Amino acid sequence: MKRVIDIADAYSATNNVELAASTLSSATDYLEKRQGQEGRSIVSSIGTVAQAYGRLSSETAADAGLSRLVALLEAEVEANEAEISGSRLATTLSQLSVAQSQQGNTQAATALAEQAISVLQEWEVTGYIVAQVATAYGYLEDTAAVDQALVEMTQLAINDLDSTDPLGPVAALRAIATAYQQIGNFEKADDAIAIVEEKFGDSLFMLGAILAIHMDLENAAAQEATIQKMFDFMPLLLEAEFTISDVTAGYAGITGLVEAYIHTADDVKAQERLTQLENFFTKVQFEPQGISAQLMMLVSAAVQRGDEAEAQRLLEKVVQMLEIVEADSELCEEACAGLISRLARGYSWLEDDPVKQAGLDQLQQIAADNLNAEKREVINNAIIRARVAR
């Protein structure tokens, strides 16, 4: 189904609205044929197609398609209610509501959003699904009704904050804050954020989620204050004597710190923060290939910030690590291919073509000197793709 939607979106992007509408209509035909089949619920697929109809620039085709999808959902719930989860149903109702709003169908959008919040209450659905419903309400025009619904969902999120996965209710409060902002109630948007900050403001991991909220709401001052609070944790991290077994992909919000560096507005502060991250990754007792993986994360971050000079410097540092690994034939057999592949991807991000090609030439030579024929072929293909990447 995703490929069909991608095709429809591609047609829309090239202003071929008729073919886009025809593709979505065919997708709906397919869902209608599958409707009611035991063990094959189509509820999620209905939501996916609805999102594409919401993006369609033909109101007539979108209205007809969305009407078919709403009828299809009603029939599917009636036929397979026992197999449909409340989470899935609330999500799809929310997606249909947003699509109707995008097409200007206020009454239909409101009715679907009301059904979605009823599912939340009846099925006691929480977490990320509350965020979906809150998003739908952010598109509605009746501010009094929206406010009432958001108050109810805020309480659902608060009740869920002590769950084993607090990111779910935080995502809900993020969507609630955004919805309040959409209807012009900035005070209540701030109140929703304050709930998260009061509960999780001392957690580096959760500060990343708080930063995302401030970015959504385009609050530059709060964004910088949160970033600074995150980097205030760095001295503690540097003193912690971590080993590789301590540091997983999301440990202590490390990935969030990298994101915080990317979104630092001031270039001088950004440079200081990049240095802190580089020192941390170097100090943690990774194997050489582990350090390189972390530094490649910083290469990507520097590119996203538009700091190509730092990206080049970090790539050169990782190449030096590769040369250390290369000197140990047994270690190289195990790790060189992965390191070269990462570096090739990193060089592909550079805009300075001579630097990129020179770096890739060096990697190709290291591969030729150290890898067997099968691994060389894989690396050569990766390097070819990197050479032409833009």
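Residues numbered from 1 in each chain as written. Predicted model: local features only at pLDDT ≥ 70, side-chain atom pairs only at ≥ 80, totals over all residues. Heavy atoms only, no water.

Chemist: Help me understand the state of the cysteines, please; the structure alone is not making it clear to me.
Modeler: By definition, a disulfide links the sulfur atoms of two cysteine residues through a covalent bond. Applying the stated rule across the entire model yields 1 disulfide. The disulfide bridge from Cys332 ends at Cys336, spanning 2.0 Å between sulfur atoms. A torsion of -110° about the S-S bond marks the disulfide between Cys332 and Cys336 as left-handed. With Cys332 and Cys336 both in helix H18 (residues 329-348) and 4 residues apart, the pair spans about one turn of that helix. Taken as a pair, Cys332 and Cys336 share a single burial class, namely buried. (Disulfide = S-S within 2.5 Å. Helix = DSSP H or I, 4+ residues; strand = E, 2+ residues; numbered from the N terminus. Buried < 20%, exposed > 50% of the residue type's maximum accessible area, 1.4 Å probe, protein only.)

Chemist: Help me understand the packing of helix H12 (residues 220-231) against helix H15 (residues 267-283), please; the structure alone is not making it clear to me.
Modeler: Helices that pack against each other are described as a pair by the angle of their axes relative to one another and the distance between those axes. Relative orientation of the contacting elements H12 and H15 amounts to 30°, with a least axis distance of 12 Å. Judged by the angle between their axes, H12 and H15 are roughly parallel. Where H12 crosses over H15, the two elements pack in a sense that is left-handed. Listed contacts from H15 to Glu224, Ile227, Gln228 and Phe231 of H12 are Lys269, Arg273, Gln276 and Leu277. Here the contact of H12 with H15 is built from residues that sort into 3 nonpolar, 2 polar and 3 charged. (Axes fitted to C-alpha atoms, helices over the stretch in contact; angles between N-to-C directions. Parallel < 35°, antiparallel > 145°, perpendicular 65-115°, else oblique. Left-handed = near helix turned anticlockwise from the far one by under 90°. Contact = heavy atoms within 4.5 Å. Nonpolar A, V, L, I, M, F, W, Y, C, P; charged D, E, K, R; others polar.)

Chemist: Sorry if this is basic, but what is going on with the packing of aromatic side chains here?
Modeler: To describe a pair of aromatic rings, one takes the distance between the centres and the angle between the planes. All chains considered together, the criterion is met by 1 aromatic pair. Geometrically, the ring pair formed by Phe280 and Phe281 is tilted, given 5.7 Å between the ring centres and 55° between the ring planes. Relative accessible area serves as the criterion here: at 2%, Phe280 is assigned to the buried category. For Phe281, a relative accessible area of 0% gives the class buried. (Phe/Tyr/Trp six-rings, centres within 6.5 Å; stacked < 30°, edge-to-face > 60°.)

Chemist: Please explain the environment of Glu59 as it appears in this structure.
Modeler: Its place among the elements puts Glu59 in helix H4 (residues 59-80). We classify Glu59 as exposed; its relative accessible area is 51%. It is 9.6 Å that separates the C-alpha atoms of Glu59 and Gln102, two residues lying 43 residues apart in sequence.

Chemist: What should I look at first to understand empty space enclosed by the protein in this one?
Modeler: It is the rolling of a water-molecule-sized probe over the atoms that shows where space remains empty. Taken as a whole, this structure holds 1 cavity of 30 Å³ or more when the rule is applied. Here the largest cavity is characterised by a volume of approximately 30 Å³. Lining the largest cavity we find Ala8, Asp9, Ser12, Ala20, Leu24, Ala52, Arg55 and Leu56. Residue assignment for the lining of the largest cavity shows that the elements contributing at least two residues are helix H1 (2-13), helix H2 (17-34) and helix H3 (43-55). Across the lining of the largest cavity, the residue classes break down as 5 nonpolar, 1 polar and 2 charged. (1 Å grid on protein atoms, 1.4 Å probe; cavity = no way out; pocket = protein on both sides within 12 Å on 5 of 7 lines; lining within 4 Å. Points joined across faces, edges and corners; volume = space filled by probe spheres on them.)

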